[in-house]
Amino acid sequence: MPTTLLSSRSTASFFKRPLLTVAMTALLATVVAGCSSTETNDSEPADAKTENPTADESLNVANNDNVSAEKITVNTVKGDIDLAMNPSPLVVYDMTLMQNLAALDVAVDGAPGGLLLENLHSETQPDPKAVGTVFEPDLEALNAMQPQAILVGSRMAEKYDELSSIAPTLDMSIDTANIYESSKQRLHDLGALFGKSDQAAKLQQNIDGLIAETKSLTEENKGTGLVVMVNGNKMSTYGEKSRYGFIHTVLGVPMSDDQVTDAPHGQPISFEYIQKANPDWLFVVDRSAAIGEDGIGAKAVLDNPLVAQTNAWSKQQVVYLSPDSYLAFGGYYQWMQDLTTIKDAFASAK
């Protein structure tokens with residue numbers, strides 16, 4: 001449809017036209033203008049039509065209400081990544097990160113379903129929608145949500161490439177070989193990403209203060225320690241570079257066996273091994289309880305004649321770590337819970 005209503009003829013000749021011609025021309029102008037407007041809207045890019053979002057879209061972008069075009073550099077396992085601040089909708093597949101975001105009062109729009117811990121989202125924010133499990137994403141749900149960012153950790157890291165095809169994906173796994181510095185970096189970066197650096201700094205101060213209090217007790221020459229994970233009728237122990245290594249590297253508890261082999265799932269051990277290592281302190285992780293499995297608990301498994309011969313058992317110096325230590329290691333609430341438990345145990349030691 002043409003967009004030029006008047007030709008190159010003079011204005012004078014225009015006014016010489018019959019009145020009917022003038023009226024018809026005015027009508028034609030009105031119709032053409034309407035057509036031109038419609039054509040302009042149809043040729044508009046799809047992503048520009050966001051002035052009147054649907055109710056669902058409004059819910060998504062309202063969660064993190066400081067959405068900004070400003071970008072920030074985030075430290076990840078894959079290197080530094082530039083990302084717009086306050087990405088929303090936000091999907092998180094890692095419980096450590098979810099704990100930190102909950103403590104920072106940041107909304108999470110999508111997360112794994114069926115999680116057992118109760119400290120994974122802020123009470124002031126709506127519950128996230130289920131988008132799979134910690135091991136397997138629900139790609140259909142993700143595509144429907146169209147997140148601006150996906151945060152993953154150790155359990156979902158192997159799906160990085162697959163998730164990156166959907167949205168910018170940040171692998172923020174904790175480095176267990178240096179769990180304190182790594183978790184500190186993660187909390188710092190999350191605070192910066194969501195415009196809550198001051199709050200993140202205060203949370204880190206809480207952790208550091210509790211570490212100092214606990215360390216003042218654990219370093220008082222109160223003996224050696226051994227970390228034992230009980231998984232049904234199986235047991236394993238962990239060294240300094242494991243997710244439980246902070247007990248030795250941060251709190252300064254000497255290892256009762258400094259030859260422990262570092263492995264993702266620990267070094268398999270027996271009751272005889274525990275007796276021979278003879279720790280003054282046993283730090284116990286009940287994996288079955290942490291993941292909600294029924295069966296005999298860690299306390300019952302360790303109630304064994306050989307374990308009973310150790311200093312730890314005879315002195316009742318057995319510390320049961322939180323389920324968070326297995327599921328959300330390096331998270332804010334994991335630090336606070338386990339440090340408090342260890343501090344109280346050492347404070348009451350005879």
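Placed above this text is the structure.
Residues numbered from 1 in each chain as written. Predicted model: local features only at pLDDT ≥ 70, side-chain atom pairs only at ≥ 80, totals over all residues. Heavy atoms only, no water.

**Section: the environment of Asp-286**
Phase 1 of the analysis: Positionally, Asp-286 belongs in strand S11 (residues 281–286).
Phase 2 of the analysis: Put simply, Asp-286 and Ala-298 are 12 residues apart on the chain and 5.4 Å apart in space, counted from C-alpha to C-alpha.
Phase 3 of the analysis: Discounting chain neighbours no more than four positions away, the residues touching Asp-286 are Val-230, Gly-297 and Ala-298.
Phase 4 of the analysis: One polar contact links the side chain of Asp-286 to the main-chain amide nitrogen of Ser-288, over a distance of 3.4 Å.
Phase 5 of the analysis: Among the polar contacts made by the side chain of Asp-286, one reaches the main-chain amide nitrogen of Ala-289 at a distance of 3.2 Å. (Helix = DSSP H or I, 4+ residues; strand = E, 2+ residues; numbered from the N terminus. Contact = heavy atoms within 4.5 Å. Polar contact = N/O pair within 3.5 Å; in protein donor to acceptor, adjacent residues only side chain to side chain.)

**Here we look at the pairing of strand S8 (residues 225–231)**
Phase 1 of the analysis: Among the 7 residues of S8, 6 are classified as buried, and the element is accordingly described as predominantly covered.
Phase 2 of the analysis: Both S8 and strand S9 (residues 234–237) contribute to a ladder of 4 bridges, which runs antiparallel. Residue Met-229 lies in a different strand from S9, and its bridge partner there is Ser-236. (Buried < 20%, exposed > 50% of the residue type's maximum accessible area, 1.4 Å probe, protein only. Pairing = 2+ DSSP bridges.)

**Here we look at the nonpolar core**
Phase 1 of the analysis: Core analysis: the biggest nonpolar cluster contains 63 residues, and Leu-90, Leu-101, Leu-151, Phe-283 and Ile-342 have the highest contact counts within it.
Phase 2 of the analysis: Core analysis: the next-biggest nonpolar cluster, separate from the first, contains 17 residues, Leu-226, Val-230, Val-260 and Ala-298 among them. (Core = buried A, V, L, I, M, F, W, Y, C linked by side-chain atoms within 4.5 Å.)

**Side note on the pattern of salt bridges**
Phase 1 of the analysis: Counting across every chain of the model gives 4 salt bridges.
Phase 2 of the analysis: The partner of Lys-159 in a salt bridge is Glu-136, and the shortest N-O contact between them spans 3.1 Å. One end of the pair, Lys-159, is in the loop between strand S6 (149–152) and helix H6 (160–164); the other, Glu-136, is in the loop between strand S5 (129–130) and helix H5 (139–145), with 23 residues separating them in the sequence.
Phase 3 of the analysis: The exposure class of Lys-159 is buried, given its relative accessible area of 16%.
Phase 4 of the analysis: The class of Glu-136 is partly exposed, set by a relative accessible area of 41%.
Phase 5 of the analysis: Two residues, Glu-213 and Lys-343, come together in a salt bridge whose shortest N-O distance is 3.3 Å. A residue pair is termed long-range when its members are at least 10 positions apart, and Glu-213 in helix H8 (residues 197–218) and Lys-343 in helix H15 (residues 332–347) qualify at 130 residues.
Phase 6 of the analysis: Under the relative-accessibility criterion, Glu-213 is labelled partly exposed at 42%. (Salt bridge = Lys/Arg side-chain N within 4 Å of Asp/Glu carboxyl O.)

**Here's the deal with unusual backbone geometry**
With the exception of glycine, the majority of residues adopt a negative phi angle, and the majority of peptide bonds are in the trans configuration.
Phase 1 of the analysis: Put simply, Ser-88 and Pro-89 share a cis peptide bond, and its omega is 5 degrees.
Phase 2 of the analysis: Structurally, Pro-89 is set in the loop between strand S2 (81–84) and strand S3 (90–92).
Phase 3 of the analysis: One non-glycine residue, Gln-146, adopts positive backbone phi at about 50 degrees.
Phase 4 of the analysis: Along the chain, the position of Gln-146 falls in the loop between H5 and S6.
Phase 5 of the analysis: The exposure class assigned to Gln-146 is exposed, which follows from its relative accessible area of 60%.

**So, the packing of helix H7 (residues 179–193) against H8**
Phase 1 of the analysis: Running from amino to carboxyl end, H7 crosses H8 at an angle of 155 degrees, the nearest separation of the two axes being 7 Å. Regarding the angle of H7 to H8, the classification is roughly antiparallel. For the element pair H7 and H8, the recorded crossing hand is right-handed. Residue-level contacts link Tyr-180, Lys-184, Leu-187, Gly-191 and Ala-192 of H7 to Ser-197, Ala-200, Leu-203, Gln-204, Ile-207, Asp-208 and Ile-211 of H8.
Phase 2 of the analysis: Among the residues forming the contact of H7 with H8, the class breakdown is 7 nonpolar, 3 polar and 2 charged. (Axes fitted to C-alpha atoms, helices over the stretch in contact; angles between N-to-C directions. Parallel < 35°, antiparallel > 145°, perpendicular 65-115°, else oblique. Left-handed = near helix turned anticlockwise from the far one by under 90°. Nonpolar A, V, L, I, M, F, W, Y, C, P; charged D, E, K, R; others polar.)

**Thoughts on the sheet that holds S8**
Phase 1 of the analysis: Reading across the sheet, the 5 strands line up as S10-S9-S8-S11-S12 and stay open at both edges, with mixed pairing between neighbours. Edge positions in the sheet fall to strand S10 (267–268) and strand S12 (318–320), since each of these pairs with one other strand and no more.
Phase 2 of the analysis: Both S9 and S10 contribute to a ladder of 2 bridges, which runs antiparallel. Each residue of the ladder has a partner; that of Ser-236, found in S10, is Pro-268.

**Thoughts on the packing of aromatic side chains**
Phase 1 of the analysis: If you walk through the whole model with that rule in mind, you get 6 aromatic pairs.
Phase 2 of the analysis: Measuring from ring centre to ring centre gives 6.2 Å for Tyr-180 and Trp-335, while their planes differ by 80 degrees; the resulting arrangement is edge-to-face. Of this pair, Tyr-180 sits in helix H7 while Trp-335 sits in helix H15, and the two are 155 residues apart along the sequence. Of the two residues, Tyr-180 and Trp-335, both sit in the buried class. (Phe/Tyr/Trp six-rings, centres within 6.5 Å; stacked < 30°, edge-to-face > 60°.)

**What about the side chain of Thr-76?**
Phase 1 of the analysis: The residue Thr-76 is located in the loop between strand S1 (71–74) and S2 in this model.
Phase 2 of the analysis: Within the local environment of Thr-76, its side chain forms a polar contact with the backbone oxygen of Gly-79, the two atoms lying 2.5 Å apart.
Phase 3 of the analysis: Ignoring sequence-local partners within four residues, the contact set of Thr-76 consists of Ile-81, Leu-170, Asp-171 and Arg-186.

**Looking at the packing of H8 against H15**
Relative orientation and spacing of two packed helices are given, respectively, by the angle between their axes and the distance between those axes.
Phase 1 of the analysis: Taken N-terminus to C-terminus, the directions of H8 and H15 make an angle of 20 degrees; their axes are 9 Å apart at the nearest point. Viewed along their axes, H8 and H15 adopt a mutual orientation that is roughly parallel. By crossing handedness, the relation of H8 to H15 is classed as left-handed. The residues of H15 that touch H8, namely those facing Leu-203, Asn-206, Ile-207, Leu-210, Ile-211, Glu-213, Thr-214, Leu-217 and Thr-218, are Tyr-332, Trp-335, Met-336, Leu-339, Thr-340, Ile-342, Lys-343, Phe-346 and Ala-347.
Phase 2 of the analysis: Residue classes in the contact of H8 with H15 are distributed as 12 nonpolar, 4 polar and 2 charged.

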